[in-house]
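Read off the chains here:
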Amino acid sequence: MSDAAGGQASLQPQKGDFIAPPEVVDTDEARDALPPQEEFWRPPVRFGSVPVEKEPLGWDRRRGFRKLFPPVALPFQVVERVSFGHPTLEPNRLFWGDNLHVMRQLPTESIDLIYIDPPFFSGRQYNVIFGDQNELRSFSDIWEGGMPGYLIWLNARLYEMKRLLKKSGTIFVHCDWHASHYIKTDLDKIFGYDRLLAEIIWHKNSGGIGRTSFSKRHDIILQYSKTDDYYYDGKAVGDLREQEKGTFGGYFGVDEDGREYREVRKGGKVYKYYMDEPRNPEDVWEVAQIPERDKLERIGYPTQKPIELLQRIVNSSCPPGGVVADFFMGGGTTCVVTSGARIHRETVESSKRDGTTNQRVKRILKVDAPPRRWIGCDQSRVAVAVTVDRVMSLIEIWLCTLLLPSQLSGLLAILFVAVFCNQ
Ligand SMILES: C[S@@+](CC[C@H](N)C(=O)[O-])C[C@H]1O[C@@H](n2cnc3c(N)ncnc32)[C@H](O)[C@@H]1O
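(A) Focus on the sheet that holds strand β11 (residues 260-266). Strand order in the open sheet formed by three strands is β10-β11-β12, with antiparallel pairing between adjacent strands. In the strand order of this sheet, the two ends are held by β10 (251-254) and β12 (269-274), each with one partner. Here the strands of the sheet are splayed against their neighbours by 30 degrees on average, with no regard to which way each runs.

Below you can see the structure in the form of C-alpha cells.
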C-alpha cells in the first residue's frame, strides 16, 4: 500500500482510530519503587513519637496505589492529527481525560521534564467564560476527604510521574501555602529526601492584601530529580552579570580581549566572573503575574501562569529536542513554551507632542527557543480547546518573525488549507 506521495503508507493512527491500551499487568505496584524510608523517618528517641506515616498517604504495602485506584484500561481515540511541525521531532500529544489513567498507559522512563500545577487545596471553584459566552465549569478545588483525601489523590499521580521520568529527568510541582508543607513531606517519601533540588519561591507581586497578617505574595515550586544524574542548565536562563555592576564589591577590570570582569577574593582564592556571561539563577524568582488587562499572553483561563515562569523551567531543565509533560495543563502555558515561545523585552521610543521622546520597555512574544516535544493532559474540555487554539496561534507568531505582515496573510491561507486537507 502506498500513500498519496507515493511512499510507504504511514503506520500513524488516523483520525477516529482507536489505539488499544497496553496490556494491563494487574500486578502490585513495584515494591522497591519508593526509596528506603526507615532510617529517615525513625525519630531520634529524645523527640518521642512523630506523627508521620512511613509511606506516602494512600500507599498500600502490598498493592501500592492500585488498591485505592484500580487500573482502568481504556483505548485512546485519535480526535485530531495536525500534520505540520518540526521535521525531525516526534509529534506532540494532547490528552483529554483523567491524568492518572492516561499516565498509566504511557511508557516508563520516557519523559525528560514534568511540570505540574495541580489544584492547590484552595477550597475554591474556578470557572471560565469561554467562546460562546456560556459559563463552563473549569475545575473544582474543593475536597470532600479534606487534606488527607487531597494528598492521597495527588500521591497516586506523583508516583506515576516518577515512573514516567527518565533517569536524567526532573519534576517541578507548583503549589502554595495551603498544602506545600504536606506535599513536600510526601514528595520526600516518593522521590527521596535527598532528591529535592530546590524549593523555588515565585514572588509574583500580586495576590491578596493582608490586614491581619503579612500579604501572601508567593507560590512554591518544589523541584525533585529522579536520580542524582539529572539534566540542568541554569545558565540557559540566568541573568547576565552586567546587572551586578555597581551593586557588589570586588574589583572590576577589562581583560586583553576587551571583556569586562569582576574579581572577588574569598577564602584565599580569586574568583573571576565575566560580565557578559549569565550566572546561575537563584531560588527566589521575581516574575510578574500576568496583569489583568494584558493583551500579549492573557487568555482568560483562571490560574494561568506566565510564560516567563515556564521559560525558566523548560529551558533550564529539558535538553533541546527532549520531552516535557504537563498533566494539569490548564490553558497550555507549558505546551506553548515547550513549542519555543519566549517573551522578549525591547526598549521602544515614542515621540511626545512637545517634541521630546519617551522610552518604555515593551514585551514581545516570539517563537525562537530551541523546540522540544510536549505531552499535555487535562480533564477539562475547555482546557484542551484553549490549548489547541493557543498552540495553533504560535504558527502565526512564528511566521511574523520571518515575514513582512503583507506577505503573511497569503501564506497563512495556504498553510491552513494544507493543514486541514491533510487530516
Ligand atoms: C491550576 S490549573 C493549571 C493552569 C496552567 N498551569 C496554566 O498555566 O494555564 C489546573 C488544571 O488541572 C486540571 N485537572 C484537575 N484534576 C485533573 C485530573 N485528575 N486530570 C487531568 N487534569 C486535571 C484542571 O482541569 C485544570 O485545568
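(B) A look at the environment of lysine 204. Mapped onto the elements, lysine 204 comes out in the loop between β8 (196-203) and β9 (218-225). Taking the C-beta count within 10 Å as the criterion, lysine 204 has 20 such neighbours and is therefore assigned buried. Spatially, the C-alpha atom of lysine 204 lies 9.0 Å from that of isoleucine 290, the residues being 86 residues apart in sequence. With sequence-adjacent residues up to four places away left out, lysine 204 is seen in contact with Arg217, His218, Asp219, Val287, Ala288 and Gln289.

(C) The environment of arginine 262, seen in detail. For arginine 262, the position within the fold is in strand β11. Arginine 262 sits twelve residues away from tyrosine 274 along the chain, and the two C-alpha atoms are 6.4 Å apart.

(D) Representation of the nonpolar core. Within the largest apolar cluster, 62 residues are counted, with the highest numbers of intra-cluster contacts made by Ile114, Tyr115, Val173, Leu187, Val324 and Ala325. Sorting elements by how many residues they give to this core places helix α3 (residues 146-164) first, with eight residues. Not counting residues up to four positions away in its chain, the partners in contact with tyrosine 115 are Phe172, Leu310, Ile313, Val324, Asp326 and Thr334.

(E) Just the site of the ligand, in detail. Taken together, 18 residues form the shell around the ligand, and within it Asp117, Phe328, Gly330, Gly331 and Thr333 come nearest. Taken together, the residues of the shell around the ligand sort by class into six nonpolar, eight polar and four charged.

(F) Structural detail: the sheet that holds strand β7 (residues 165-175). The mixed open sheet is built from eight strands, whose spatial order is β3-β17-β14-β4-β7-β9-β8-β13. Edge positions in the sheet fall to β3 (93-96) and β13 (284-286), since each of these pairs with one other strand and no more. Between one strand and the next, the sheet's axes are offset by a mean angle of 15 degrees, whatever the strand orientation. Strand direction decides the pairing type here: β7 and β9, joined by six bridges, are antiparallel. Paired with phenylalanine 172 across the strands is glutamine 223, a residue of β9. Sheet strands in contact with α3 are β4 (111-116) and β7, and its direction is about 150 degrees off that of β7.

(G) Main features of the pairing of strand β14 (residues 323-326). Going residue by residue along β14, you find Val323 and Ala325 tucked away on one face and Val324 and Asp326 tucked away on the opposite face as well. Alignment of β4 against β14, held across two bridges, turns out to be parallel. Bridge pairing in β14 places leucine 113 opposite valine 324. When β14 meets strand β17 (residues 373-378), the two strands line up parallel, connected through four bridges.

(H) Focus on the packing of α3 against helix α4 (residues 180-191). Running from N to C, α3 and α4 cross one another at 35 degrees; their axes reach a closest spacing of 10 Å. For the element pair α3 and α4, the recorded crossing hand is right-handed. Across the interface between the two elements, Met147, Leu151, Leu154, Asn155, Leu158, Tyr159 and Lys162 of α3 pack against Tyr182, Ile183, Asp186, Leu187, Ile190 and Phe191 of α4. When the residues that make up the contact of α3 with α4 are grouped by side-chain class, the tally is ten nonpolar, one polar and two charged.

Reading guide: rules and limits
Residues numbered from 1 in each chain as written. Predicted model: local features only at pLDDT ≥ 70, side-chain atom pairs only at ≥ 80, totals over all residues. Pairing = 2+ DSSP bridges. Helix = DSSP H or I, 4+ residues; strand = E, 2+ residues; numbered from the N terminus. Axes fitted to C-alpha atoms, helices over the stretch in contact; angles between N-to-C directions. Buried ≥ 20, exposed ≤ 12 C-beta atoms within 10 Å, placed from the backbone. Contact = placed C-beta atoms within 7 Å. Core = buried A, V, L, I, M, F, W, Y, C linked by C-beta atoms within 7 Å. Near = placed C-beta within 6 Å. Nonpolar A, V, L, I, M, F, W, Y, C, P; charged D, E, K, R; others polar. Left-handed = near helix turned anticlockwise from the far one by under 90°.

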